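# Structural features, examined
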Amino acid sequence: MLSHKQKRVWRYVEEGSLLKLKSYLRKHRDLDVNFSQGRRQRSPLHLACCLGDDAVLRLLLRHGADVLQRDRKGDTALHTAANRALKHGKTAYDDLVVPLKKSCPEAMNAPNSAGITPEDLLNWMKHTEPAGNMSRPSEVDPEKEWLEKLFGECEDEFCETFGVYDADDFLPVDDDEEDFGDWADRIRKEYFDKKHAEAQRLAASSSGWKRRKSKQEREKEEKSNKELHERLKREHEEYLARAARKEEETRQGKKRRYEEGCAATFHASSSAGGTKLSYSDIPWPAPRGTVQEMVDVMLHGVDRKDLLLFRKTLRKQQALWHPDKFAQRCEARLEEKDKQRILDTVTALSQELNRLAQSLRT
């Protein structure tokens, strides 16, 4: 019983898929390629010789294919290669027999069940070749030669199997993981299928026989598109309104926490306490934000067009974050490790408030 991997190797040899076979054997280096398949008990090397695929044959030899392995009739791969050379001449000899002979010279004298060796077959080739050359016309019709080749192989196959279907020669392949060759073929097929479908669509849209839409259909389509556009516009406006409400709630929440933190930290009774303040204990308007973001939180909700109210709020914040006044209230309570960082942030915040006040005067 063949393993899934061996069935896949057989399929690649049968298809002549050299790149897939090469990638698969590189991935599974421990895979044994010396197995037999079907009623004829042929190995992948036998199959490559039968198909005349010299590239697959050389690849199998590099991966340890046994030239002396025999099929049901006792033929080695070299017998199959020699038989093919008898039919197709020197090209088949150079492509198939030479690499097998070089890989395993002793296979030349290995007899099959009938006692015939590959050497005997090749000697017959030498005797029949001159006669063949004399009777051969000067110009060979390629199509006729291909038909004769196809007929000969079909005749051999029929005589060998007597018309019986070799079921186990065509076992389904396994659902093994996709290797690089399979992936490349799939991507290529999907790409060209997509291009073909797109070309057909463009041809159909530009052809003169395309059915023209009636006036009612056009009006119905325009109405549907208009309704869709209005619905999408309405949904977009609702989304923007929700986002604006959420942003306003967030800003109000930040300002409320800021004011509550200021009341708790800078209140007279709490400032007199002995609790040490770290950087995170200071009620910054935006603890992880920039100085500009802190100022925005402080002044959120104040109408800047009302200059009197805006200046009043701004002066209140200037007094709250003035470096000297802040130091009087809290310097004694600051933790030493965060003290300088706190004072630097307070100074930067105070300078930003002063710049904003200065811009109102000009």
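Residues numbered from 1 in each chain as written. Predicted model: local features only at pLDDT ≥ 70, side-chain atom pairs only at ≥ 80, totals over all residues. Heavy atoms only, no water.

## So, the side chain of T80
Put simply, the rule reads: Strands here mean DSSP runs of E at least two residues long; helices mean DSSP runs of H or I at least four residues long; both are numbered from the N terminus. Between buried and exposed lies partly exposed: a residue is buried under 20% and exposed over 50% of the maximum accessible area for its type, with that area taken using a 1.4 Å probe on protein chains only. By definition, residues are in contact when any of their heavy atoms lie within 4.5 Å.
Relative to the helices and strands, T80 resides in helix α5 (residues 77-88). Among the residues examined, T80 registers a relative accessible area of 18% and is labelled buried. Leave out the neighbours within four places in its chain, and T80 touches H46, C49 and C50.

## Side note on helix α12 (residues 291-298)
Quick reminder of the rule: Our arc is simply the arc of the directions from the helix axis toward the C-beta atoms.
What α12 keeps buried is the set M294, V295, V297 and M298. The arc that holds every buried residue of α12, seen down its axis, measures 160 degrees, which confines them to one face. For α12, the elements touching its buried residues are α10 (215-266), α13 (307-320) and α15 (336-361).

## Description of the packing of helix α1 (residues 4-15) against helix α2 (residues 18-27)
Note the following rule: Every axis corresponds to a line fitted to the C-alpha atoms, with the helix fit spanning only the stretch in contact, and the corresponding angles, defined between N-to-C directions, vary from 0 to 180 degrees. An angle below 35 degrees is read as roughly parallel, one above 145 as roughly antiparallel, one from 65 to 115 as roughly perpendicular, and any other as oblique. Helix crossings fall into two classes, left-handed where the near helix is turned counterclockwise from the far one by less than a right angle and right-handed where it is turned clockwise.
Here α1 crosses α2 at 155 degrees, and the two axes come no closer than 9 Å. In this view, α1 runs roughly antiparallel relative to α2, as classed from their interaxial angle. Considering only the axes of α1 and α2, their crossing is left-handed. Facing α1, whose interface residues are K5, R8, V9, Y12 and V13, α2 presents K20, L21, Y24 and L25.

## Focus on the pattern of salt bridges
To keep it simple, the criterion reads: By convention in these notes, a salt bridge is any Lys or Arg side-chain nitrogen within 4 Å of a carboxyl oxygen on Asp or Glu.
Per the counting criterion, the structure on display carries 9 salt bridges. Two residues, K337 and E335, come together in a salt bridge whose shortest N-O distance is 3.6 Å. The class of E335 is partly exposed, set by a relative accessible area of 25%. Here D338 makes a salt bridge to K337, at a shortest N to O gap of 3.2 Å. For K337, a relative accessible area of 66% puts it in the exposed group. Through salt bridges that share partners, E335, K337 and D338 make up one connected network.

## Observations concerning the packing of α5 against helix α6 (residues 90-103)
Put simply, the test is: Residues were grouped as follows: Ala, Val, Leu, Ile, Met, Phe, Trp, Tyr, Cys and Pro as nonpolar; Asp, Glu, Lys and Arg as charged; and all remaining residues, including Gly, as polar.
At a minimum axis distance of 8 Å, the contact between α5 and α6 shows a crossing angle of 165 degrees. In terms of orientation, α5 and α6 fall into the roughly antiparallel class. Judged by the sense of rotation from one axis to the other, the crossing of α5 with α6 is left-handed. Together, A77, L78, A81, A82, R84, A85 and H88 of α5 and K90, T91, A92, Y93, L96, V97, L100 and K101 of α6 make up the contact between the two elements. Class assignment of the residues belonging to the contact of α5 with α6 gives a composition of 10 nonpolar, 2 polar and 3 charged.

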